[in-house]
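Below, each chain spelled out in residue letters.
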Amino acid sequence: MCVIFFAYNQHPDFPLILVANRDEFYDRPTAAAHVWDDFPNILAGRDLVAGGTWLGVTKTGRFAAVTNYRDPKAPPGTISRGDLVADFLKSEVPCESYLKNIESKAREFSGFNLMIGEINPAKNEIFYFSNRGGPVRRLEGGVYGLSNHLLDTPWRKVEKGKAFLAENIDENFSKEVCFQLLGDESLADDEDLPETGIGYQKEKALSAIFIKTPIYGTRSSTVLTIEKDFKTNFEERVFI
(Lines give C-alpha, C1' and ligand atoms only; values in the text may rest on other atoms or scores of the structure.)
Protein backbone atom coordinates (compact mmCIF):
# COMPACT_ATOMS: atom_id res chain seq x y z
CA MET A 1 0.00 0.00 0.00
CA CYS A 2 1.56 3.23 -1.09
CA VAL A 3 -0.98 5.98 -0.67
CA ILE A 4 -3.85 6.42 1.77
CA PHE A 5 -6.18 9.35 2.32
CA PHE A 6 -8.71 9.28 5.12
CA ALA A 7 -11.26 11.54 6.71
CA TYR A 8 -11.92 10.85 10.36
CA ASN A 9 -15.05 12.29 11.99
CA GLN A 10 -15.42 14.86 9.18
CA HIS A 11 -18.76 13.77 7.71
CA PRO A 12 -21.98 13.56 9.73
CA ASP A 13 -22.87 10.16 8.22
CA PHE A 14 -19.41 8.60 7.98
CA PRO A 15 -17.02 8.55 10.94
CA LEU A 16 -14.46 7.03 8.57
CA ILE A 17 -13.86 7.51 4.87
CA LEU A 18 -10.65 5.83 3.74
CA VAL A 19 -9.39 5.64 0.16
CA ALA A 20 -6.18 3.85 -0.77
CA ASN A 21 -4.05 2.47 -3.57
CA ARG A 22 -1.89 -0.58 -3.19
CA ASP A 23 1.30 -0.41 -5.25
CA GLU A 24 3.39 -3.53 -5.77
CA PHE A 25 5.46 -5.43 -8.31
CA TYR A 26 3.12 -6.94 -10.89
CA ASP A 27 4.57 -10.43 -10.52
CA ARG A 28 4.06 -10.70 -6.75
CA PRO A 29 1.25 -13.23 -6.14
CA THR A 30 -1.77 -11.62 -4.52
CA ALA A 31 -5.36 -12.52 -3.64
CA ALA A 32 -8.06 -9.88 -4.05
CA ALA A 33 -10.11 -8.79 -1.04
CA HIS A 34 -12.14 -11.66 0.41
CA VAL A 35 -13.31 -13.12 3.70
CA TRP A 36 -10.41 -15.19 4.97
CA ASP A 37 -11.13 -18.90 5.39
CA ASP A 38 -8.83 -19.19 8.40
CA PHE A 39 -10.10 -15.96 10.01
CA PRO A 40 -13.70 -15.43 8.80
CA ASN A 41 -13.99 -12.22 10.80
CA ILE A 42 -11.51 -10.54 8.40
CA LEU A 43 -12.17 -8.97 5.01
CA ALA A 44 -8.92 -8.12 3.24
CA GLY A 45 -6.69 -8.85 0.32
CA ARG A 46 -3.80 -11.20 0.93
CA ASP A 47 -0.15 -11.30 -0.02
CA LEU A 48 0.38 -14.88 -1.18
CA VAL A 49 4.12 -14.71 -0.57
CA ALA A 50 4.24 -13.75 3.13
CA GLY A 51 0.58 -14.27 4.08
CA GLY A 52 -0.17 -10.80 5.42
CA THR A 53 -2.16 -7.90 4.03
CA TRP A 54 -1.91 -4.17 3.35
CA LEU A 55 -5.47 -3.13 4.26
CA GLY A 56 -8.36 -4.86 5.99
CA VAL A 57 -11.38 -4.62 8.24
CA THR A 58 -13.22 -6.92 10.61
CA LYS A 59 -16.89 -7.51 11.34
CA THR A 60 -16.41 -5.74 14.69
CA GLY A 61 -15.18 -2.46 13.15
CA ARG A 62 -11.43 -2.92 13.54
CA PHE A 63 -9.39 -1.75 10.56
CA ALA A 64 -5.75 -1.29 9.65
CA ALA A 65 -3.53 -0.23 6.77
CA VAL A 66 0.21 -0.05 6.20
CA THR A 67 2.52 1.75 3.79
CA ASN A 68 6.22 1.32 3.24
CA TYR A 69 8.62 4.02 4.35
CA ARG A 70 10.97 4.66 1.42
CA ASP A 71 14.55 4.33 2.57
CA PRO A 72 16.69 2.41 0.04
CA LYS A 73 19.80 2.51 2.24
CA ALA A 74 18.17 0.80 5.23
CA PRO A 75 18.70 -2.95 5.77
CA PRO A 76 15.63 -5.14 5.23
CA GLY A 77 13.57 -6.24 8.21
CA THR A 78 13.16 -9.83 9.34
CA ILE A 79 9.34 -9.75 9.65
CA SER A 80 6.92 -8.95 6.84
CA ARG A 81 5.17 -5.59 7.20
CA GLY A 82 1.95 -7.27 6.10
CA ASP A 83 1.90 -9.01 9.48
CA LEU A 84 1.41 -5.62 11.14
CA VAL A 85 -2.07 -5.34 9.65
CA ALA A 86 -3.00 -9.02 9.74
CA ASP A 87 -2.01 -9.56 13.36
CA PHE A 88 -4.03 -6.56 14.51
CA LEU A 89 -7.12 -7.74 12.65
CA LYS A 90 -6.75 -11.23 14.10
CA SER A 91 -6.52 -9.94 17.66
CA GLU A 92 -8.73 -8.14 20.16
CA VAL A 93 -5.85 -6.18 21.70
CA PRO A 94 -6.71 -2.49 22.20
CA CYS A 95 -5.22 -0.22 19.54
CA GLU A 96 -2.77 1.67 21.70
CA SER A 97 -1.55 -1.47 23.44
CA TYR A 98 -1.02 -3.18 20.10
CA LEU A 99 1.10 -0.31 18.79
CA LYS A 100 3.10 -0.07 22.01
CA ASN A 101 4.01 -3.71 21.54
CA ILE A 102 4.99 -3.06 17.91
CA GLU A 103 7.06 -0.09 19.06
CA SER A 104 9.10 -2.40 21.27
CA LYS A 105 10.15 -4.54 18.30
CA ALA A 106 10.08 -1.91 15.57
CA ARG A 107 13.64 -2.64 14.40
CA GLU A 108 12.57 -6.09 13.20
CA PHE A 109 10.61 -4.52 10.34
CA SER A 110 11.63 -2.56 7.29
CA GLY A 111 10.42 1.03 7.38
CA PHE A 112 6.65 1.31 7.75
CA ASN A 113 3.70 3.55 8.54
CA LEU A 114 0.85 1.81 10.31
CA MET A 115 -2.62 3.17 11.03
CA ILE A 116 -5.09 1.13 13.03
CA GLY A 117 -8.47 1.90 14.50
CA GLU A 118 -11.77 0.72 15.81
CA ILE A 119 -15.19 2.23 15.19
CA ASN A 120 -18.15 0.48 16.75
CA PRO A 121 -20.75 1.15 19.48
CA ALA A 122 -18.04 0.94 22.15
CA LYS A 123 -15.10 2.76 20.53
CA ASN A 124 -14.20 5.47 18.04
CA GLU A 125 -10.43 5.78 17.74
CA ILE A 126 -7.55 5.78 15.27
CA PHE A 127 -3.85 5.50 16.07
CA TYR A 128 -0.72 5.91 13.98
CA PHE A 129 2.85 4.70 14.37
CA SER A 130 5.94 4.64 12.16
CA ASN A 131 9.20 2.94 13.03
CA ARG A 132 10.87 5.87 11.29
CA GLY A 133 9.17 8.61 13.29
CA GLY A 134 7.48 7.49 16.52
CA PRO A 135 6.00 7.76 19.10
CA VAL A 136 2.53 6.19 18.96
CA ARG A 137 -0.08 8.86 18.21
CA ARG A 138 -3.81 8.95 18.81
CA LEU A 139 -5.33 10.97 15.98
CA GLU A 140 -7.89 13.71 16.33
CA GLY A 141 -10.64 14.23 13.78
CA GLY A 142 -9.34 15.52 10.46
CA VAL A 143 -8.29 14.72 6.92
CA TYR A 144 -4.99 12.89 6.62
CA GLY A 145 -2.66 11.66 3.91
CA LEU A 146 -0.03 8.94 4.03
CA SER A 147 2.40 7.77 1.39
CA ASN A 148 5.97 6.52 1.73
CA HIS A 149 7.15 9.02 4.30
CA LEU A 150 5.58 10.06 7.61
CA LEU A 151 1.93 10.95 8.10
CA ASP A 152 1.00 14.19 6.31
CA THR A 153 4.47 14.72 4.85
CA PRO A 154 3.68 17.37 2.23
CA TRP A 155 4.55 15.41 -0.89
CA ARG A 156 2.61 16.71 -3.88
CA LYS A 157 0.31 13.70 -4.22
CA VAL A 158 -0.40 13.65 -0.48
CA GLU A 159 -1.40 17.31 -0.45
CA LYS A 160 -3.43 16.88 -3.62
CA GLY A 161 -5.33 13.88 -2.30
CA LYS A 162 -6.07 15.47 1.05
CA ALA A 163 -7.39 18.62 -0.59
CA PHE A 164 -9.55 16.63 -3.00
CA LEU A 165 -11.03 14.50 -0.23
CA ALA A 166 -11.71 17.52 1.98
CA GLU A 167 -13.48 19.30 -0.88
CA ASN A 168 -15.72 16.33 -1.61
CA ILE A 169 -16.87 15.50 1.91
CA ASP A 170 -20.34 16.95 1.54
CA GLU A 171 -23.95 15.87 1.09
CA ASN A 172 -23.10 14.59 -2.41
CA PHE A 173 -20.23 12.37 -1.24
CA SER A 174 -19.88 9.20 -3.28
CA LYS A 175 -17.45 6.33 -3.66
CA GLU A 176 -17.15 7.06 -7.38
CA VAL A 177 -15.59 10.42 -6.62
CA CYS A 178 -13.05 8.65 -4.42
CA PHE A 179 -12.17 6.22 -7.19
CA GLN A 180 -11.64 9.18 -9.50
CA LEU A 181 -9.06 10.49 -7.06
CA LEU A 182 -7.35 7.10 -6.83
CA GLY A 183 -7.12 6.93 -10.64
CA ASP A 184 -5.15 10.16 -10.98
CA GLU A 185 -2.04 9.40 -13.07
CA SER A 186 -0.68 12.96 -13.21
CA LEU A 187 2.96 13.36 -12.19
CA ALA A 188 4.38 15.97 -9.87
CA ASP A 189 6.36 18.83 -11.34
CA ASP A 190 10.11 18.39 -10.99
CA GLU A 191 10.37 21.07 -8.32
CA ASP A 192 7.83 19.21 -6.20
CA LEU A 193 9.57 15.83 -6.26
CA PRO A 194 10.88 14.47 -2.96
CA GLU A 195 14.46 13.23 -2.65
CA THR A 196 14.39 9.76 -1.14
CA GLY A 197 17.53 8.32 -2.70
CA ILE A 198 16.01 6.44 -5.65
CA GLY A 199 16.94 8.84 -8.46
CA TYR A 200 15.00 11.25 -10.62
CA GLN A 201 13.28 8.75 -12.94
CA LYS A 202 11.81 6.68 -10.12
CA GLU A 203 10.88 9.72 -8.05
CA LYS A 204 8.98 11.05 -11.06
CA ALA A 205 7.18 7.78 -11.82
CA LEU A 206 6.20 7.25 -8.19
CA SER A 207 4.90 10.79 -7.74
CA ALA A 208 1.50 9.89 -9.21
CA ILE A 209 -1.41 8.74 -7.09
CA PHE A 210 -2.03 5.93 -9.59
CA ILE A 211 1.34 4.51 -10.62
CA LYS A 212 2.21 2.81 -13.90
CA THR A 213 5.66 1.47 -14.77
CA PRO A 214 6.68 -1.61 -16.78
CA ILE A 215 7.17 -3.82 -13.71
CA TYR A 216 5.57 -2.00 -10.77
CA GLY A 217 2.46 0.03 -10.14
CA THR A 218 -0.99 0.37 -8.64
CA ARG A 219 -2.58 -3.06 -8.48
CA SER A 220 -5.76 -2.21 -6.60
CA SER A 221 -7.81 0.72 -5.34
CA THR A 222 -10.03 0.53 -2.27
CA VAL A 223 -12.70 2.70 -0.70
CA LEU A 224 -13.60 1.81 2.88
CA THR A 225 -16.38 3.61 4.74
CA ILE A 226 -17.88 3.12 8.17
CA GLU A 227 -21.25 4.79 8.67
CA LYS A 228 -22.66 6.35 11.81
CA ASP A 229 -24.77 3.22 12.41
CA PHE A 230 -21.50 1.23 12.12
CA LYS A 231 -22.35 -0.32 8.78
CA THR A 232 -19.12 -1.03 6.90
CA ASN A 233 -18.68 -0.87 3.14
CA PHE A 234 -15.48 -2.12 1.50
CA GLU A 235 -15.07 -1.90 -2.26
CA GLU A 236 -11.89 -2.92 -4.05
CA ARG A 237 -11.08 -2.60 -7.74
CA VAL A 238 -8.24 -4.78 -8.99
CA PHE A 239 -6.18 -3.85 -12.05
CA ILE A 240 -3.53 -6.55 -12.30
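Bear in mind the structure is a predicted one, so any value in this text is a computation, not a measurement. (Residues numbered from 1 in each chain as written. Predicted model: local features only at pLDDT ≥ 70, side-chain atom pairs only at ≥ 80, totals over all residues. Heavy atoms only, no water.)

Caption draft 1: Structural view of the packing of helix H1 (residues 82-90) against helix H2 (residues 95-104). For the pair H1 and H2, interaxial distance at closest approach is 11 Å and the crossing angle is 145°. Note on packing geometry: the crossing formed by H1 with H2 is right-handed. Contact residues: H1 offers Asp83, Leu84, Asp87 and Phe88, while H2 offers Cys95, Tyr98 and Ile102. By residue class, the composition of the contact of H1 with H2 is five nonpolar, no polar and two charged. (Axes fitted to C-alpha atoms, helices over the stretch in contact; angles between N-to-C directions. Helix = DSSP H or I, 4+ residues; strand = E, 2+ residues; numbered from the N terminus. Left-handed = near helix turned anticlockwise from the far one by under 90°. Contact = heavy atoms within 4.5 Å. Nonpolar A, V, L, I, M, F, W, Y, C, P; charged D, E, K, R; others polar.)

Caption draft 2: Molecular detail of unusual backbone geometry. The omega angle of the peptide bond from Gly134 to Pro135 is 10°, so this bond is cis rather than trans. Note that Pro135 resides in the loop between strand E8 (124-130) and strand E9 (137-138). Despite not being glycine, Asp152 shows a phi value in the positive range, around 65°. Even without glycine at this site, Phe230 takes up a positive phi of about 75°. Locating Phe230 in the fold gives a position in the loop between strand E11 (216-226) and strand E12 (232-238). Judged by its relative accessible area of 34%, Phe230 is partly exposed. (Buried < 20%, exposed > 50% of the residue type's maximum accessible area, 1.4 Å probe, protein only.)

Caption draft 3: Inspection of the packing of aromatic side chains at higher detail. For the structure shown, the criterion picks out seven aromatic pairs. Judged by centre distance (5.9 Å) and plane angle (65°), the rings of Phe112 and Phe129 are edge-to-face. Linking Phe112 in strand E7 (residues 112-119) with Phe129 in strand E8, this pair joins segments that are 17 residues apart in sequence. Here the two residues Phe112 and Phe129 agree in accessibility, since each one is buried. Judged by centre distance (5.1 Å) and plane angle (80°), the rings of Phe210 and Phe239 are edge-to-face. Residue Phe210 is found in the loop between helix H5 (200-205) and E11, and its partner Phe239 is found in the segment after E12; the two are separated by 29 residues along the sequence. Phe210 sits in the buried class, given a relative accessible area of 10%. For Phe239, a relative accessible area of 43% translates into the label partly exposed. In textbook terms, an aromatic cluster arises when at least three aromatic residues are bridged by ring pairs, as seen for Phe109, Phe112 and Phe129. The ring of Phe88 is capped by Arg62, whose NZ or CZ atom sits 3.9 Å from the centre of that ring. Above the ring of Phe179, the side-chain terminus of Arg237 is found at 3.8 Å from the ring centroid. (Phe/Tyr/Trp six-rings, centres within 6.5 Å; stacked < 30°, edge-to-face > 60°. Lys NZ or Arg CZ within 6 Å of the ring centre and 35° of its normal.)

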